[in-house]
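Structure at a glance
The lines below spell out each chain.
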Amino acid sequence: MKLAACVAALLLALGMPIAYWLAYATWRAKFLLEAVVALPLVLPPTVLGFYALLAMGPHGPLGKFWYAAFGHGLAFTFGGLLLASMFYSLPFAVQPLMNAFEGVDPRLLNAAAVLGASPWRRFASVILPLSLPGMVAAVVLCFAHTLGEFGVVLMVGGNLPGITRTASIAIYDNVQALQYGEANRMALVLLCVSFVVLAIVYGVNRHARRLWTPWTGR
Amino acid sequence: MARVRKARAAAHRRASLPPLAPPFVLDVTLEIPAGISILLGPSGAGKSTLLDCIAGLVRPDVGCVRVGQDVWFDSQKSIDLPVHQRRVGYVFQSLALFPHLSVEQNIVYGIAQRAPQERSQRLEEVLQAFGIADLRGRKPAEISGGEAQRVELARALVTDPQVLLLDEPMSGLDEELKAGIIADLRAWRTAKNIPILYVTHSKSEAQALGDRRIVMRAGKVIDQPSAPMPG
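Further remarks concern the overall build of chain A. Check the secondary structure of chain A and you find 11 helices and zero strands. Each helix and strand of chain A, placed in order from N terminus to C terminus, yields the pattern α-α-α-α-α-α-α-α-α-α-α. The buried share among the 218 residues of chain A stands at 39%. Considering only intrachain contacts with a sequence separation of at least 6, the fraction spanning at least 24 residues in chain A is 71%.

Laid out in structure tokens, this is it:
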């Protein structure tokens, strides 16, 4: 839960500039960054976790940097798990945000510009409020996706109780130990959380559509 | 007085703004005095692109755009004032009220930086002038087409623009509503002595509003009452 909340919050902050850039930049090679962002969608979690582990290991670039900066390694720590989880859930933040930004009527941005709004004010006063459903979707999807994470966590975080053990791994451990009752209880919690999260996304989207329908009578 | 000299535009997209027009070649030399100038021409003549060049939504390849003593664009001197720094009022062909803001919030959007007292005074002024005071708390989705049109005009005019660009602002409205808005515009033209460029296909609107006519075809001005400025 702690990991999922941290990942969702950090990815919302990190995802917004990336999504904004992907939505509005005219750079020709933009598709390369789009591919990198979408990579975790098709990559097996163990592959992603393996490379993350190599990068965070004592001989990896990230591990070396972390050791120099903080005096301890990154692999099998909460920080390392957080970083790997953020990369793993990146498309779940960027895609809804990008779709939401692209969905903002361009006429509104032009109207804001001629009314004297700087690019930053256009973002804050037009794009952001009209992208609220996308932001909610990004947060809840990242939260839910991280909650159900298994492969990456096992590779990068190990299974340290209280530090890197997530709900999915705890369920797996319980099944291995033939404690089906406990596994069932945790699985049910995950199922309910996932349902509530998706219900929130669809509810917010529906409410926003009703509230912010542009004037289209002409 | 607004001047557009040899504005040749290939409709370049601004980096942070979406494109308004497809690639298009415009070659125009034009001088627009204070008062209402009606811009006529068939669809695709370049009328909207010309307005976008003046507003800064489209960057011309070469040429200059001057309003009064201010230079907004000059390709030779590499001057290109960003859209938000040009004091322009622009009512687009299709309505663009912010759907998440109330009528009042829409209108004060362009004067948000002004002192609160001045802001509320100017708001009341345009709300009364355009007869939309009772709509102030409503969202755009809750008002009619004619009301939305008035709100758009009020929002464009409240900023005290140096030049007003109106791109078919009354298409799709019935004659009664048009007459009311025409009366509003005429009153505003008398009160504020600024150049107003008004694109329309309607002869009745042109006759009711126009101080002068400019005719465009295929990206060029083919008829205007006074000779273009030299050079």
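With that out of the way, let us pick up the overall build of chain B. Regarding its fold elements, chain B presents six helices and 13 strands. Across the 231 residues that make up chain B, the buried fraction comes to 44%. Summarising the internal contacts of chain B: among those between residues at least 6 apart in sequence, 73% fall at separations of at least 24.

Take the environment of I222(B) next. Residue and element names in this part refer to chain B. By the secondary structure assignment, I222 is in strand β13 (residues 220-223). Sequence separation between I222 and D184 is 38 residues; the distance between their C-alpha atoms is 30 Å. Not counting the four nearest positions on each side in its chain, I222 is found in contact with V215, M216 and R217.

Looking now at the sheet that holds strand β10 (residues 163-167) of chain B. All names here are of chain B. With respect to topology, six strands assemble into an open sheet ordered β9-β10-β11-β4-β12-β13, the strand pairing being mixed. Each end of this open sheet is capped by a strand with a single partner; those strands are β9 (88-91) and β13. Averaged over all adjacent pairs, the angle separating strand axes in this sheet is 25°, with direction ignored. Judged from the four bridges that link them, β10 and strand β11 (residues 195-199) form a sheet pairing that is parallel. Pairing of L166 across the sheet is with Y198, part of β11. Those strands touched by helix α1 (residues 47-55) are β4 (35-40), β9, β10, β11 and β12 (212-217), and its axis lies near 150° from that of β10.

This part takes up helix α1 (residues 2-24) of chain A. Residue and element names in this part refer to chain A. If you check α1, its first and last C-alpha atoms are 33 Å apart, about what 23 residues at 1.5 Å a residue would give, namely 33 Å. Where α1 bends most, the angle comes to about 35°, and this point is G15, followed within four residues by the proline P17. Burial in α1 covers these residues: L3, A4, V7, A8, L11, G15, M16, A19, L22 and A23. Where α1 is buried, its residues meet α2 (30-42), α5 (78-102) and α8 (132-147).

In this section: the confidence of the model for chain B. Residue and element names in this part refer to chain B. In this model, chain B carries a mean pLDDT of 81, and residues with pLDDT of at least 70 account for 86%. Mean pLDDT in chain B bottoms out at strand β2 (residues 12-13), which sits at 46, and peaks at helix α2 (residues 103-108), which reaches 94. Confidence drops under a pLDDT of 50 for residues 9-13, and excluding neighbours within four residues, the segment shows 21 contacts in the predicted structure. Between residues 227-231, whose pLDDT stays under 50, and residues either more than four places distant or in other chains, the model counts six contacts. For this predicted complex, the interface score ipTM comes out at 0.83, while the overall pTM is 0.78.

The α-helix advances 3.6 residues per turn, and as a result positions three or four apart in sequence lie on the same side. Counted residue by residue, α1(B) has nine buried out of nine residues, so it is predominantly covered. For α1(B), the full list of buried residues reads K47(B), S48(B), T49(B), L50(B), L51(B), D52(B), C53(B), I54(B) and A55(B).

Residue and element names in this part refer to chain B. Taken as a whole, chain B is organised into domain 1 (1-87 + 163-231) and domain 2 (97-160). On the domain 2 side, the residues contacting the 10 residues of domain 1 number 10 residues. Take the side of domain 1 that touches domain 2: its biggest share by element is four residues, from helix α5 (residues 175-191). Per-class residue counts for the side of domain 1 that touches domain 2 are seven nonpolar, one polar and two charged.

Let us look at the environment of R114(B). Relative to the assigned elements, R114(B) resides in the loop between α2 and α3 (116-129). Distance from R114(B) to T159(B), taken between C-alpha atoms, is 9.8 Å for residues 45 residues apart in sequence.

A separate point is the pairing of β9(B). Residues and elements named next belong to chain B. A two-sided burial pattern is seen for β9, the buried positions comprising V88 and Y90 on one face and G89 and V91 on the other. With four bridges joining them, β9 and β10 adopt parallel strand pairing. Among the inter-strand pairings, V88 is bridged to a residue of β10, identified as V163.

The next subject is unusual backbone geometry. Excluding glycine, most residues fall at negative phi; most peptide bonds, likewise, are trans. All names here are of chain B. Positioned with a positive phi, D160 is a non-glycine residue whose angle comes to about 60°. The residue D160 is located in the loop between α4 (145-157) and β10 in this model. Of note, A218 is a non-glycine position whose phi angle comes to about 50°, a positive value. Looking at the element boundaries, A218 is found in the loop between β12 and β13.

What follows is about the packing of helix α6 (residues 106-114) of chain A against helix α7 (residues 119-130) of chain A. Residues and elements named next belong to chain A. It is the contact of α6 with α7, at a shortest axis distance of 10 Å, that shows an interaxial angle of 140°. One way to sum up the angle between α6 and α7 is to call them oblique. Viewed along their axes, α6 and α7 form a crossing whose handedness is right-handed. Residues L108, L109, A112 and A113 of α6 pack against R122, S125 and V126 of α7. A breakdown of the residues in the contact of α6 with α7 according to their chemical character gives five nonpolar, one polar and one charged.

Cut-offs used in this document
Residues numbered from 1 in each chain as written. Chains lettered and ligands numbered in written order. Predicted model: local features only at pLDDT ≥ 70, side-chain atom pairs only at ≥ 80, totals over all residues. Helix = DSSP H or I, 4+ residues; strand = E, 2+ residues; numbered from the N terminus. Buried ≥ 20, exposed ≤ 12 C-beta atoms within 10 Å, placed from the backbone. Contact = placed C-beta atoms within 7 Å. Pairing = 2+ DSSP bridges. Axes fitted to C-alpha atoms, helices over the stretch in contact; angles between N-to-C directions. Expected span 1.5 Å × (residues − 1). Bend = angle between axes of the 7 residues up to and from the residue. pLDDT = per-residue confidence, 0-100. Domains from an automatic or database assignment. Nonpolar A, V, L, I, M, F, W, Y, C, P; charged D, E, K, R; others polar. Parallel < 35°, antiparallel > 145°, perpendicular 65-115°, else oblique. Left-handed = near helix turned anticlockwise from the far one by under 90°.

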